[in-house]
Structure formats: structure tokens, C-alpha cells
Amino acid sequence: MLTDAEKDSLREYYRAIADNLPGFRPRAAQRQMLATVANAFGNTLSKTEDSDDAPERNGESIAVIEGPTGVGKSLAYLLAGGVMAKSRGKKLVVTSATIALQEQLVNRDLPFAIEKSGLPATFALAKGRGRYLCPYRLYQLTADNAQGELIAQDPALALWERKPEQGEIEALRQLADAFYYRKWNGDRDSWPEMINDELWRRVTNDRHGCLKAGCPNRPECPFYLARETLETVDIVVANHDLMLADVVMGGGVILPAPENSFYCIDEAHHLAKKAVNQFAAEHSLAQAMQWLDKVTPLATRVESLIDKPELASNACEAAAACMESLTEWLWLLQTEPSLEASSDNLEPSWLVEDGVLPESMKIPAANMALSARMLYKNLTGMSDGLGQLRKDKQQETLLIDKTSSDVGFMVGKCEQLMALWDLFEKEPEENAPPIAKWVTRRADGKGDYLFSASPVSAAGSLAATLWRRAAGAVLTSATLRSLGSFDLLLSQTGLKWLEQVQTVALDSPFNFSEQGELYVPPLLSTPKDPAGHTREIIDWLPKLVDLNEAVGTLVLFTSRKQMQEVAEGLAANLRERVQMQGELPKAVLLQNHRDALQAGRASVLFGLDSFSEGLDLPGEACVHVIIAKLPFAMPDDPVGRTLSRWIEKRGGNPFVELTVPEASIKLIQAVGRLIRTEQDYGRVTILDTRIVRQNYGKRLLAALPPFRRI
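Residues numbered from 1 in each chain as written. Predicted model: local features only at pLDDT ≥ 70, side-chain atom pairs only at ≥ 80, totals over all residues. Heavy atoms only, no water.

Enquirer: Quick rundown of the overall build of the protein? Include the residues and the values.
Expert: Scanning the protein from terminus to terminus reveals 26 helices and 18 strands. For 710 residues, the compact-globule estimate of 2.2 N^0.38 gives 27 Å, and the protein sits close to it at 28 Å. Considering only C-alpha atoms, the protein reaches an extent of 80 × 65 × 55 Å along its principal axes. Considering only contacts in the protein between residues 6 or more positions apart, those separated by 24 or more positions represent 79%. Carbon and sulfur atoms make up 49% of the accessible area of the protein, which totals about 32100 Å². (Helix = DSSP H or I, 4+ residues; strand = E, 2+ residues; numbered from the N terminus. Rg over C-alpha atoms; globule rule 2.2 N^0.38 Å. Contact = heavy atoms within 4.5 Å. Areas by Shrake-Rupley, 256 points an atom, 1.4 Å probe, with all protein chains shown as cover.)

Okay, here's the thing in C-alpha cells:
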């Protein structure tokens, strides 16, 4: 429950915004969202990291809020979340799926909310370790390269497989000089030019290769300085990937621990798929064999430094066992008839049916998983031994540090190997969703294979690692319901298991029946006849697009091939008005679109899925949205195929349970490009008659805003 002081603070800060912002009108939906966020966080339990006997969280401090465009979601959750976090002694962690929203939050929304409300809050942007320079590595690489030589880690390791070219040396020197003289802060995103990925990989670091407190450059390390900043601010802005990676590592590694965090998860409709990707794993057979072959010489170096010969010996044995098992797998892949090859792909892949390995592969998988775990255990033991040695033998610091960094590189590689084989070996409990497992033969002519595994659902993992630990969480987006229900989101994120989660669908501030209209032309073809459907789109577009008015039209496609064919088939007078995705960078296309309208000419944007979401073209920049076909995504990837087969075997229908609900969300997002403000107007045209002829189409139609039908 909220205290009286918390209620007073919320009223005071919201009133201050109204007083400090001319023309501000309190919106009922925004006030409702503010109250919902505050009440959710007010229900947080007193459980702390040190309190094991506190009651289990059951969703009482979690709210799912669909806030349509125009509600003012970010102001509501920033204000309510900021007040409640300060009052309850928590950090407010705000995450988004896209860089664009992150930048909007940091550069516009947060400064605006703090300035206008007077809320005494500080904030910072959180990034993963890979975005920051490792000064220790950079100084090693540039300490002495007069003859083009590296003072570097073991050149036999994959990370240091060759000497740098002269241009790379010069680039490294520029980075080192700029950082040394404090002209650059070590953040990759703040360097004025693009940094080559391979070059950056040489000068950044991961958590395994980092020397941590023992690093001589620790006081100036950009990553640790940034992390220290996060500890001092009230609000941390991150992305879904970083939040998920942090909870996978146990929480509190980069971001505040879940028990100490109130999460505001914006663009929450992306969370489930982001989580599935986060819990997946893969590794290349050839690359694994290469670095495993280097374990023995590295272990020999470590053995000469630390007095723990058993670690080196065990690591060598485990690496040899891994190589032996991978060799056996290579033979199995070439001879196992139960894995069907797909010949319609340049890189044929073999999908393990239902995620259950054939009997002939179960023992090899178990052996590989066990060997990988043993190797990881002994490599981390060597890393710990070197860390202790560094404290005792200052005179050998340079050699110890170089070896520690090499071992850290190996630990990171081994962690990937272990993650893959833990998934490959695992068989879920009865009635639990399967784990998709597949192997791809690389089309590089070298006989390499890529092993991949992924849970088909991250619901269980999210429930265990995030929802049952978080002090509180709010999930929000303009589109969270599918076919008018929150069921799909709750199921995919694991929130369905928490009985006290609150769901709220806020009213839109727009009068859709007055501001917009919906038209479904009587096409004769459907997308099931691709050629005929494309010809009809080409015929209909000149009738639908008015080239005499300086207004914008957005045409959305689900297929690049169809988009290009339609563009090629248009008459010259219409084609010259088209700005097509892929021809120029997105920012340039949008600027050209605005410039054309400013000059009094009609402009037409052709776009794919990424133009269906997050594209903000208010006013006459977009008065007509034309949707080529319903956005069905067929499950043709290994994860989707495994999930669909599991649903079928349980008596379900993947099209009804997954394809149609997911299409509903995408269609609502696409339609949402039309009305962005209370003054906007226009039309949505859907060139797919299945939406009025099929039963599922009528369900999709019913979930759209109540436009006037014409």
C-alpha cells in the first residue's frame, strides 16, 4: 500500500508538471497508469538478498499495462517509478528493446520529467562490458610496436591469431593517445568514427579475461567507472538484452540486483523473444577444436607459475576428452540417418526431432557435457590461482597478467561450449516445452558444423530468474494484447504462473471513429497466389495514392521480394515518388520523405516489418497506411518448428495458438502508424481480403481500433 507521503509526492510532482508546462492537459489514462505503477511498486515485499525466509513473490508487485500512443506512458512510469524507488530504497531500472527508445529516454524523456516535475533524481545509461575499452589491453598492444610487433597474449590463441597490419597499429595508437590524454572516455559509441569489429575485439574485454581489482589500470577503466556511476544514480536506463544477461549471470553483476530493483520494461512485447535468444547457445566445431588444441601449452605455462599441477593436468585431460567427443560427433553427423538434411538451404541444417536425441547420440552428448564442465572447472581454478599469485609475486606481474588474460579468454570460450552441451544433453520434464537442437553444416567448404540449442520458451527461466526475485516490475507498450487478450504475453513471459499480476488496458486518447477510416478493396487474389496478388497491388496503388496532394503514404510489406516487384511494376510517375527501404539508410529515406512534403510533393514510403513499429510520422507525413498482406510469420526456423510440433503433439493448432495471435500484434502495430496525435486523420487500406472472408481474419479485424469502415 502507498503511504500518505508517497501519495502526496506523486500529486505534488504531477501538479508541478502541469504548472511548468503551458498547455499541459492531465489525461485520465496517464493518471490511471501513474496510479497503477505506484500501487504495484507499493505492494513490494520486504524480502532482501539476505532474507531467505521471506514469502515467495507471486506477482503482487507486477503490473502489465497496455498504453496506446498518446497516453504519455514514459512520463507516467518515470514519475511514479522514480518516486516509489526513492521512497522504498530501490533502484529504478528502465529497459527498452530498441536503441531509439533508449536515446529518447536519456536525451529527452528523463531530462523533461525531472526538469518539469522537480523530482530530485539522477540517471545514467547502462551498457554491456563489450562497449568499453580495456586500457590494459590497449596499452599492451601499443607499448612497443616500432617494428610492428605486439606485446601481446599468446599469438597461438584464436583472439591473437595474427600480427596487426600497419593501418591497425595506427588506429590503435590513435585510440591510446586519445584515451591517455583524456580526449576520449573509452566508450566505443562516443568515438567519432566507426571502429572495425575485429580491431575493437582486441581492445575490449569480457568478465573472464578481466583482471578486476588486480588490474594496474583499474582506476581509469571505463567499464568500472561506468558501473560505479550506476551505483550512485537513482535511475538506470538499459536494454532488454543487458537486463536478461545480467539476471542469467545471477543478477547484480552489471545492473542492480533484482531484489533491489523496480523494473519499468518498455516495448515489453519484445521481451519473450529476447529472452529465448538470451538462453540459447551455439558453437562452431572447427573453432572449438582450434582453441581446445591450445589448452595444453597454456596449462603448461600456468603450471610453471602456480604450484597446482593437478589443475593443469586435469585441464589437459578434459580438453583431450572434449576433442575426442567432438571427433565422434563429426563422425555421427556424417553417418546418422535419422537426422534429415534440408537441401533447400545453402547451409543445410539437421533439426533433432522434438529435441530428443537419438539413442546413438545420448551418450556422446552426455560425455561432451561432462568433459566441458570439467574443463571449465579446472580453467577457472587456474584463473583463481593466478589471481592469488599476483598478490604474492609482484616482480612477475606482467607475465602473470598476460597469462591470466589468456586463461580468461579460454574460460569464456569454455563457458559457451558448456552452455551448448548442457542444453544439448538436457531432456525437459514431462509436459514441459522442448529444447530445440540443430546442427548446421557451414557452406565454407571446410567441413565445419555449427551446433545450436535453444529453449522454445523462456517462460520458466523468466519466472525463476526475474519475476520471483524482482522487487517490482511494470511491463508496458502501446501493443501488448493479442486478439483483445493479454494471454499470449502472460504465457510467453511466464507471468501466467503468478496469480497476483495485474493487467490493465488503458483507453486511447484518440477518437478513431472520427479520425480514421478502414478500407478493404475487393481484390480477386489473395497472398496464397503470390504472382496474382502482386499484380493486383500494382493495379490498385495508383487508385489509392493521390499524387496531387502533398501528403505522405506508407505502404507496408511482409516480403522484400514482393516489395521490389511492386516497385518495379509501377508507372514512372508513381515510382519516382517512392522511397523504398533498402535503397538508402532509414534516416535518409525519412528525411527525403519530409523534404518532398515540404516542397509540396506527395511522397510514398515502401517498408518492411521494421517500418511497422516505432515509426512516428504525425500529421500529413502519413495520412494513408496501406498494408499489402496480413503479417503472418510462418514458423520455419528450428525453434519455431520445434515449438509448433510440440503444440501439435499435445492436440493443439500452432496456427491458431501462435501464428494468428502474433499476427494480431503486428497488424495493430502497423495500423498504429496512422494516428499519432489527436489532430491526425487518414485511412488504413488492407490489400488482403482474408481479413473479411476468413474466421481468423474477422478476429484480427475485431482487435483493430474502431475506424469507420468504408
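Enquirer: I'd like a description of the sheet that holds strand 12 (residues 516–519), backed by residues and values.
Expert: A sheet is described by the order of its strands in space; here seven strands give the open sequence 14-15-13-16-17-12-18, paired in parallel fashion. Two strands lie at the open edges of the sheet, namely strand 14 (578–580) and strand 18 (708–709), each paired on one side alone. Relative to strand 16 (residues 624–627), strand 13 (residues 552–556) runs parallel, the two sharing four bridges. Along strand 16, the bridge assignment pairs Leu 554 with Val 625. Here helix 20 (residues 560–569) sits on the sheet and contacts strand 14 and strand 15 (603–607); the angle it forms with strand 15, its principal contact strand, is near 150 degrees. Contacts from helix 24 (residues 654–671) reach strand 13, strand 16 and strand 17 (682–686), with the element oriented near 150 degrees to strand 16. (Pairing = 2+ DSSP bridges. Axes fitted to C-alpha atoms, helices over the stretch in contact; angles between N-to-C directions.)

Enquirer: Run through the pairing of strand 9 (residues 449–455), naming residues and quoting values.
Expert: Of all seven residues in strand 9, seven are buried; the element is thus mostly enclosed. Residues Tyr 449, Phe 451, Ala 453 and Pro 455 of strand 9 are buried on one face, and the alternating residues Leu 450, Ser 452 and Ser 454, pointing to the opposite face, are buried as well. Here strand 6 (residues 281–284) runs beside strand 9; their pairing, made up of four bridges, is antiparallel. Following the sheet pairing, Glu 282 is matched in strand 9 by Ser 452. (Buried < 20%, exposed > 50% of the residue type's maximum accessible area, 1.4 Å probe, protein only.)

Enquirer: Give a description of the packing of helix 5 (residues 135–142) against helix 15 (residues 397–425) that names residues and reports values.
Expert: Two numbers describe how helix 5 lies on helix 15: the axes approach to 12 Å, and their chain directions differ by 115 degrees. In terms of orientation, helix 5 and helix 15 fall into the roughly perpendicular class. In the crossing of helix 5 with helix 15, the sense of the turn from one axis to the other is left-handed. Residues Tyr 136, Arg 137 and Gln 140 of helix 5 form the contact with helix 15, whose participating residues are Leu 398, Asp 401, Lys 402 and Ser 405. A per-class count over the contact of helix 5 with helix 15 returns two nonpolar, two polar and three charged. (Parallel < 35°, antiparallel > 145°, perpendicular 65-115°, else oblique. Left-handed = near helix turned anticlockwise from the far one by under 90°. Nonpolar A, V, L, I, M, F, W, Y, C, P; charged D, E, K, R; others polar.)

Enquirer: Describe in detail helix 11 (residues 285–292), supporting the description with residues and values.
Expert: If you check which residues of helix 11 are buried, you get Leu 285, Ala 288, Trp 291 and Leu 292. For helix 11, the angular spread of buried residues about the axis comes to 135 degrees, placing them on one side. Looking at the buried side of helix 11, the elements it contacts are strand 6, helix 12 (295–303), helix 13 (309–335), helix 14 (359–392), helix 15 and strand 9. Between a side-chain oxygen at the N-terminus of helix 11 and the backbone nitrogen of Ala 286 the separation is 3.3 Å; the capping residue is Ser 284. (Arc of directions from axis to C-beta. Polar contact = N/O pair within 3.5 Å; in protein donor to acceptor, adjacent residues only side chain to side chain.)

Enquirer: Can you explain unusual backbone geometry? Please cite residues and give values.
Expert: Phi at Glu 267 is positive, roughly 50 degrees, even though this residue is not glycine. Counting through the fold element by element, Glu 267 comes out in the loop between strand 5 (261–265) and helix 10 (271–278). By relative accessible area, Glu 267 is classed as buried at 13%. For Asn 431, which is not glycine, the phi torsion reads 75 degrees and is therefore positive. Among the structural elements, Asn 431 can be located in the loop between helix 15 and strand 8 (435–441).

Enquirer: Can you explain the sheet that holds strand 5? Please cite residues and give values.
Expert: Spatially, 3-4-2-5-10-1-11 is the arrangement adopted by the seven strands of the open sheet, whose pairing is parallel. Single-partner strands in this sheet number two, and they are strand 3 (123–125) and strand 11 (502–505). Shown here is a sheet whose adjacent strand axes are inclined to one another by a mean of 15 degrees, direction ignored. Note that strand 5 and strand 10 (residues 472–477) share four bridges and pair parallel. Paired with Tyr 263 across the two strands is Ala 473, which belongs to strand 10.

Enquirer: Before we move on, can you summarise the packing of helix 19 (residues 530–544) against helix 20 with the specific residues and values?
Expert: Packing of helix 19 against helix 20 leaves a shortest axis separation of 9 Å and a crossing angle of 45 degrees. Judged by the inter-axis angle, helix 19 sits oblique to helix 20. Judged by the twist between their axes, the crossing of helix 19 over helix 20 is right-handed. Listed contacts from helix 20 to Pro 530, His 533, Thr 534, Ile 537, Ile 538 and Leu 541 of helix 19 are Gln 562, Glu 565, Val 566 and Gly 569. Looking at the contact of helix 19 with helix 20, its residues break down into five nonpolar, four polar and one charged.

Enquirer: Hey, could you go over the nonpolar core for me, with residue numbers and the actual values?
Expert: Ranked by internal contacts, the top residues of the largest apolar core, which has 51 residues, are Trp 291, Trp 329, Leu 375, Trp 421, Phe 424 and Phe 451. For this core, the secondary-structure elements that each account for two or more residues are helix 11, helix 12, helix 13, helix 14, helix 15, strand 8 and strand 9. Filtering out sequence-adjacent residues up to four positions away, Phe 424 remains in contact with Trp 329, Leu 357, Lys 437, Trp 438, Val 439, Phe 451, Ser 452 and Ala 453. (Core = buried A, V, L, I, M, F, W, Y, C linked by side-chain atoms within 4.5 Å.)

Enquirer: Describe the environment of Glu 198, naming the residues involved and giving the relevant values.
Expert: Take Glu 198: it is sitting in helix 7 (residues 197–203). C-alpha of Glu 198 to C-alpha of Glu 168: the two residues are 30 residues apart in sequence and 9.9 Å apart in space.

Enquirer: Tell me about the confidence of the model for the protein, and please be specific about residues and values.
Expert: Model confidence for the protein is summarised by a mean pLDDT of 90, while 93% of its residues fall at 70 or above. Across residues 144–160, confidence stays below pLDDT 50; counting only partners more than four residues off in sequence or on other chains, it has 44 contacts. Here residues 338–346 is a poorly scored stretch, pLDDT under 50, and it has 13 contacts once near neighbours within four places are set aside; other chains count. (pLDDT = per-residue confidence, 0-100.)

Enquirer: How would you sum up the environment of Leu 230? Please name residues and give values.
Expert: Position of Leu 230 among the secondary structure elements: in helix 8 (residues 222–232). Classification of Leu 230 as buried rests on a relative accessible area of 7%. For Leu 230, the residues in contact, after removing those within four places along its chain, are Lys 91, Ala 124, Leu 125, Ala 126, Val 236 and Ile 254.

Enquirer: Help me get a handle on the pattern of salt bridges, residues and values and all.
Expert: Evaluated as defined, the whole model comprises 32 salt bridges. Across the pair Arg 202 and Glu 198 runs a salt bridge whose closest N-O atoms are separated by 4.0 Å. A residue pair is termed a helical-turn pair when its members lie 3 or 4 positions apart in one helix, as Arg 202 and Glu 198 do in helix 7 at four residues. Assessed through its relative accessible area of 25%, Glu 198 is described here as partly exposed. (Salt bridge = Lys/Arg side-chain N within 4 Å of Asp/Glu carboxyl O.)

Enquirer: Provide a residue-level description of the packing of aromatic side chains, including the pertinent values.
Expert: All chains considered together, the criterion is met by 22 aromatic pairs. Summarising the aromatic geometry, the rings of Tyr 180 and Tyr 181 are spaced 5.0 Å apart at their centres and angled 90 degrees between planes, so their arrangement reads as edge-to-face. Tyr 181 gets classed as exposed once you look at its relative accessible area, which sits at 55%. Ring geometry for Phe 510 and Phe 512: centres 6.0 Å apart, planes at 90 degrees, overall edge-to-face. Exposure class is identical for Phe 510 and Phe 512. Each is buried. In this structure an aromatic cluster arises from ring pairing among Phe 179, Trp 184, Trp 191 and Trp 200. Sitting over the ring of Phe 179, Arg 182 keeps its end group 5.0 Å from the ring centre. Cation over ring: Lys 543 sits above Trp 540, and NZ or CZ is 4.5 Å from the ring centre. (Phe/Tyr/Trp six-rings, centres within 6.5 Å; stacked < 30°, edge-to-face > 60°. Lys NZ or Arg CZ within 6 Å of the ring centre and 35° of its normal.)

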